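# Reading the structure
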Amino acid sequence: MNKTWRPYVSHKILSEFVPPVGQEHRHCDMKRGFARARKRDPQVAALLNRDNKPQRIGLLAQRGVYELHQNPDLLSQTDAVETVAERLELSQESVEVRERVRSILNNYHQNPILRGKNIIKLSRGDEGVPKPILMRQGNYQFNFFAAIDCIFVEPDGTVHVLDFKTGKSKFDKRQAYIYLLAVSYLYPQQKAIASFYNLDTGEGSDAITATPATLKAFEIELSLKAQQLQQELKRYRDNPANFSTIFPPNPGFSCSTCPFTSICNVSVLEVAA
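Values in this document were obtained by computation on a predicted structure and should not be read as measured data.

## Some details on the pattern of salt bridges
It is possible for side chains of opposite charge to pair when their charged atoms get near one another. Taken as a whole and assessed by the stated rule, the structure comprises 17 salt bridges. For E16, the salt bridge goes to R36, with nearest N and O atoms at 2.8 Å. Residue E16 is located in helix α1 (residues 11–17), and its partner R36 is located in helix α2 (residues 29–37); the two are separated by 20 residues in the primary sequence. For the pair formed by E16 and R36, the shared burial category is buried. Across the salt bridge formed by R56 and E93, the nearest N and O atoms sit 2.7 Å from each other. Of this pair, R56 sits in helix α4 (residues 53–70) while E93 sits in the loop between α5 (80–87) and α6 (95–110), and the two are 37 residues apart along the sequence. Overall, the relative accessible area of 16% leaves E93 in the buried class. Each of R63, E67, R87, R124 and D126 takes part in a single network of salt bridges with overlapping partners.

Structure, rendered in structure tokens:
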């Protein structure tokens with residue numbers, strides 16, 4: 001059966017338009033152009049498919065937590081970290097990745113915050129694109145993709161969305177609101193809260209709630225960004241030579257964390273090389 005194509009948006013795409021507060025210096029519209037308009041170019045596709053170290057650590061950490069909760073007895077075993085390390089094939093990873101993930105697994109094994117929780121969803125982190133949520137703004141329909149790490153139910157029935165972080169990743173309250181918007185569609189009859197937990201530091205955020213007005217504002221914002229992205233993609237398809245005009249670059253500090261510097265002709269890092 002053919003699936004109906006719709007405009008789409010996600011928290012990642014929203015961040016590519018409007019960076020989180022405090023991350024404005026890392027913003028570059030051209031990065032969005034590579035990731036969205038030119039994602040099928042062989043060079044771009046190769047870069048998109050390559051995990052950098054922070055991404056690799058985050059992926060393995062998420063899967064490690066998943067593995068620790070697949071067998072309820074595993075969390076009580078003294079060799080649990082070694083067992084999970086073997087399942088993750090950490091010996092095949094670089095020394096830095098291997099040591100960081102082992103540290104995360106040891107931290108989590110000592111303080112398994114999901115132990116005893118009524119978990120209804122726990123992501124491995126490598127499932128790929130999640131099932132879309134159909135949203136409507138008037139006559140405009142679009143798909144909303146929300147990659148949620150974990151959902152569990154509090155004793156009072158409140159749905160709790162938990163997002164895992166690693167490294168120096170900041171808690172982005174906007175991301176929490178977007179998750180709560182997703183939950184309002186998935187579990188419309190239940191109260192919901194969201195929070196963050198850093199697997200490296202063991203620090204967690206306060207519980208975050210959202211009013212219906214806040215959720216509506218984010219729904220409208222996502223609708224606008226879905227439309228804006230499609231307009232950009234059409235302009236690029238109509239005239240690929242205008243790539244840098246449609247997606248203007250912001251060379252400088254943003255290049256230090258950009259995966260496309262090797263193919264970007266305005267990258268500061270590329271010029272320096």
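## Comments concerning the packing of α4 against α6
A packed helix pair is summarised by two numbers, namely the angle formed by the two axes and the spacing between the axes. Two numbers describe how α4 lies on α6: the axes approach to 9 Å, and their chain directions differ by 35 degrees. The way α4 lies across α6 gives a crossing that is right-handed. Between α4 and α6, the residues in contact are K53, R56, I57, L60, A61, G64, V65, L68 and H69 and E96, V97, R100, V101, I104, L105 and Y108, respectively. Each residue belonging to the contact of α4 with α6 can be placed in one class, and the counts come to 10 nonpolar, two polar and four charged.

## With respect to the sheet that holds strand β1 (residues 8–10)
Ordered in space as β1-β4-β3, the three strands form an open sheet in which the pairing is mixed. In this open sheet, the two strands that pair with only one neighbour each are β1 and β3 (133–137). Each strand of the sheet is rotated relative to its neighbour by a mean of 40 degrees, with strand direction disregarded. Sheet strands touched by helix α7 (residues 173–186): β3 and β4 (140–145). Its angle to β3, the strand with the most contacts, is close to 100 degrees.

## Structural notes on the nonpolar core
Judged by nonpolar contacts, the single largest core of 45 residues is most densely connected at V9, F34, F142, F144, I148, L222 and F260. With eight residues, α7 is the single largest residue contributor to this core. Setting aside residues up to four positions removed in sequence, I148 forms contacts with K121, S123, V161, Y179 and A182. Among the nonpolar cores identified, the runner-up in size contains 27 residues, and Y66, L68, A80 and L199 belong to it.

## Considering the packing of α2 against helix α8 (residues 212–238)
α8 packs onto α2 with a crossing angle of 80 degrees between their chain directions and a minimal axis gap of 11 Å. One element, α2, and the other, α8, form an angle in the roughly perpendicular class. Of the residues in α8, those in contact with R32, R36 and A37 of α2 are L229, E232, L233 and Y236. Partitioning the contact of α2 with α8 into residue classes produces four nonpolar, no polar and three charged.

## Comments concerning unusual backbone geometry
Even without glycine at this site, E89 takes up a positive phi of about 55 degrees. Classification of E89 as exposed rests on a relative accessible area of 52%.

## What about the side chain of R32?
Mapped onto the elements, R32 comes out in helix α2. On the accessibility criterion, R32 (3% relative accessible area) is buried. The contact partners of R32, leaving out residues within four places of it in the chain, are E16, F17, H27, A37, E232 and F247.

## Points about the state of the cysteines
This model, assessed by the stated rule, comprises zero disulfides. There is no disulfide at C255, and the cysteine sulfur nearest it, in C264, is 6.3 Å away. The exposure class of C255 is buried, given its relative accessible area of 7%. Judged by relative accessible area, which is 9%, C264 ranks as buried.

## So, the pairing of strand β5 (residues 150–153)
Of the two faces of β5, both are covered, the one formed by C150 and F152 as well as the one formed by I151 and V153. Note: strand β2 (residues 118–122) against β5, four bridges, orientation antiparallel. Paired with L122 across the bridge in β5 is C150. Direction of pairing for β5 relative to strand β6 (residues 159–165): antiparallel, over a ladder of four bridges. When the sheet's bridge partners are listed, F152 is paired in β6 with H160. Where β5 folds back on β6, the antiparallel hairpin that results is connected by five residues, among which G157 adopts a positive phi of roughly 95 degrees.

Conventions adopted
- Residues numbered from 1 in each chain as written.
- Predicted model: local features only at pLDDT ≥ 70, side-chain atom pairs only at ≥ 80, totals over all residues.
- Heavy atoms only, no water.
- Salt bridge = Lys/Arg side-chain N within 4 Å of Asp/Glu carboxyl O.
- Helix = DSSP H or I, 4+ residues; strand = E, 2+ residues; numbered from the N terminus.
- Buried < 20%, exposed > 50% of the residue type's maximum accessible area, 1.4 Å probe, protein only.
- Axes fitted to C-alpha atoms, helices over the stretch in contact; angles between N-to-C directions.
- Left-handed = near helix turned anticlockwise from the far one by under 90°.
- Contact = heavy atoms within 4.5 Å.
- Nonpolar A, V, L, I, M, F, W, Y, C, P; charged D, E, K, R; others polar.
- Pairing = 2+ DSSP bridges.
- Core = buried A, V, L, I, M, F, W, Y, C linked by side-chain atoms within 4.5 Å.
- Parallel < 35°, antiparallel > 145°, perpendicular 65-115°, else oblique.
- Disulfide = S-S within 2.5 Å.

Treat this as a map of the structure, not an account of what it does.
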